[in-house]
Amino acid sequence: MDRARAVYERLLDYYGPQHWWPAETAFEAIVGALLMQQTSWRNVEVAIRNLKRARLLEVRALAEAPVPAIRRHVQIAGLYQTKPARLRAFCRHLLDRSGGDLTRYFARPTDVVRADLLAQSGVGPETADSILLYAGGHPVFVVDAYTERIGGRIGLFRTGEYRAIQRYFEEQVHRDLMTYQEYHALLVRHAKTLCRRVKPACAECPVESLCDFGRRRKR
Ligand code: SF4
């Protein structure tokens, strides 16, 4: 079996399904992805709860809300000078593009939606792909710092370039929505649990025998 696939099987076996992204709706997943930059998921969860309580977790409601009102609810997620305005601008764009109908918005080809997302303020490749994968149902592989760290240590690729790493996974792992969602979630879990930035717990790691870094450490 190919190494990228074998890593996936072992992580899934070890940690079990991660049920990620924990959003009730596609729009909630979008808001979560937009708020995720430079903060923790715990803070994003609180911000989303606040928006929900204020009945603002809806495309039109957020598009029409004053920025200071949005800021009050999401400031826990940081970057409060930029995130609220970007969130509102993104919702206005959704209204312009598809009348706020997310099924219509995501119905276009993946590359077209991706380019549209990347054209929005504050949306980089990781955010765009998270939205495509978890809100839009497009099977794209999300690359983040954890993917780069774990894949680099294992020796799956020797590059730090986003698209090159993404291409690697998309060529090695059968393109399947659930698999890509699960794989990304498992890499996040693994990076936080065993494959930490400092002092990774290689002796306990389910992929140690597949990992260049782990094998070198053992010698
Ligand atoms: S063996 Fe160590 S470096 Fe390799 S994936 Fe496991 S924890 Fe990370």
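Residue positions are given per chain, counted from 1 along the sequence in the order it is written. The predicted nature of this model means local features are confined to residues of pLDDT at least 70 and side-chain atom pairs, given and counted, to a pLDDT of 80 or more, with totals for whole chains, interfaces and linings taken over all residues. Note that water and hydrogens are dropped before the side-chain values are worked out from all heavy atoms of the structure.

Engineer: Mind showing me how you'd approach the packing of aromatic side chains here?
Structural biologist: Two aromatic rings are characterised by how far apart their centres lie and by the angle between their planes. Working definition: a ring pair exists when centres of Phe, Tyr or Trp rings (six-membered ring for Trp) sit within 6.5 Å. Plane angles under 30 degrees give stacked, over 60 give edge-to-face, the rest tilted. One pass over the full model with this rule turns up 14 aromatic pairs. Measuring from centroid to centroid gives 5.0 Å for Trp20 and Trp41, while their planes differ by 65°, and the two rings are edge-to-face. Highlighted residues: Trp20 in the loop between helix H1 (3-15) and helix H2 (26-35) and Trp41 in helix H3 (residues 41-53), separated in sequence by 21 residues. The exposure class of Trp20 is partly exposed, given its relative accessible area of 27%. Between Trp21 and Trp41, the ring centres sit 5.5 Å apart and the planes meet at 85°, which makes this aromatic pair edge-to-face. With Trp21 in the loop between H1 and H2 and Trp41 in helix H3, this pair connects stretches of sequence that are 20 residues apart. The rule is simple: take the accessible area with a 1.4 Å probe, protein chains only, and divide by the maximum for that residue type; under 20% is buried, over 50% is exposed, in between is partly exposed. Here Trp21 falls in the buried class, since its relative accessible area comes to 13%. For Trp41, a relative accessible area of 15% gives the class buried. A network of ring pairs unites the aromatic residues Tyr8, Phe141, Phe157, Tyr168, Phe169, Tyr180 and Tyr183 as a single cluster. In our convention, an over-ring charge means Lys NZ or Arg CZ found within 6 Å of a ring centre and within 35 degrees of that ring's normal. Note that Arg108 overlies the ring of Tyr105, its terminal NZ or CZ placed 4.8 Å from the centroid. It is Arg153 that lies over the ring of Phe213; its NZ or CZ is 5.2 Å from the centre. Only DSSP runs of H or I reaching four residues or more are called helices, and only runs of E reaching two or more are called strands; each is numbered from the N terminus.

Engineer: Would you mind going over the environment of Ala33 with me for this structure?
Structural biologist: For Ala33, the location among the structural elements is in helix H2. Among the residues examined, Ala33 registers a relative accessible area of 3% and is labelled buried. By the convention used here, residues are in contact when the closest approach between their heavy atoms is within 4.5 Å. Residue contacts for Ala33: discarding those within four places in its chain leaves Trp21, Thr127, Ser130 and Ile131.

Engineer: Would you explain the domain arrangement of the protein in this entry?
Structural biologist: Accessible area lost upon the coming together of the parts serves often as the stated size of an interface. Its domain assignment divides the protein into domain 1 (3-18 + 142-218) and domain 2 (26-134). Each domain's limits were defined by an automated method or a database of domain assignments. The gap between the C-alpha centroids of domain 1 and domain 2 is 28 Å. Counting from both sides, the interface comprises 11 residues of domain 1 and, opposite them, 7 residues of domain 2. A simple way to read buried area is as the amount of 1.4 Å-probe accessible surface that goes missing from two parts once joined, with both sides added. Around 780 Å² of area is buried between domain 1 and domain 2 when both sides are counted, 59% of it from carbon and sulfur atoms. For the domain 1 face of the interface with domain 2, the top three residues by lost area are Val142, Tyr162 and Gln181, together amounting to 54%. We count a salt bridge whenever a side-chain nitrogen from Lys or Arg sits within 4 Å of a carboxyl oxygen from Asp or Glu. At the junction of domain 1 with domain 2, the criterion picks out 0 salt bridges.

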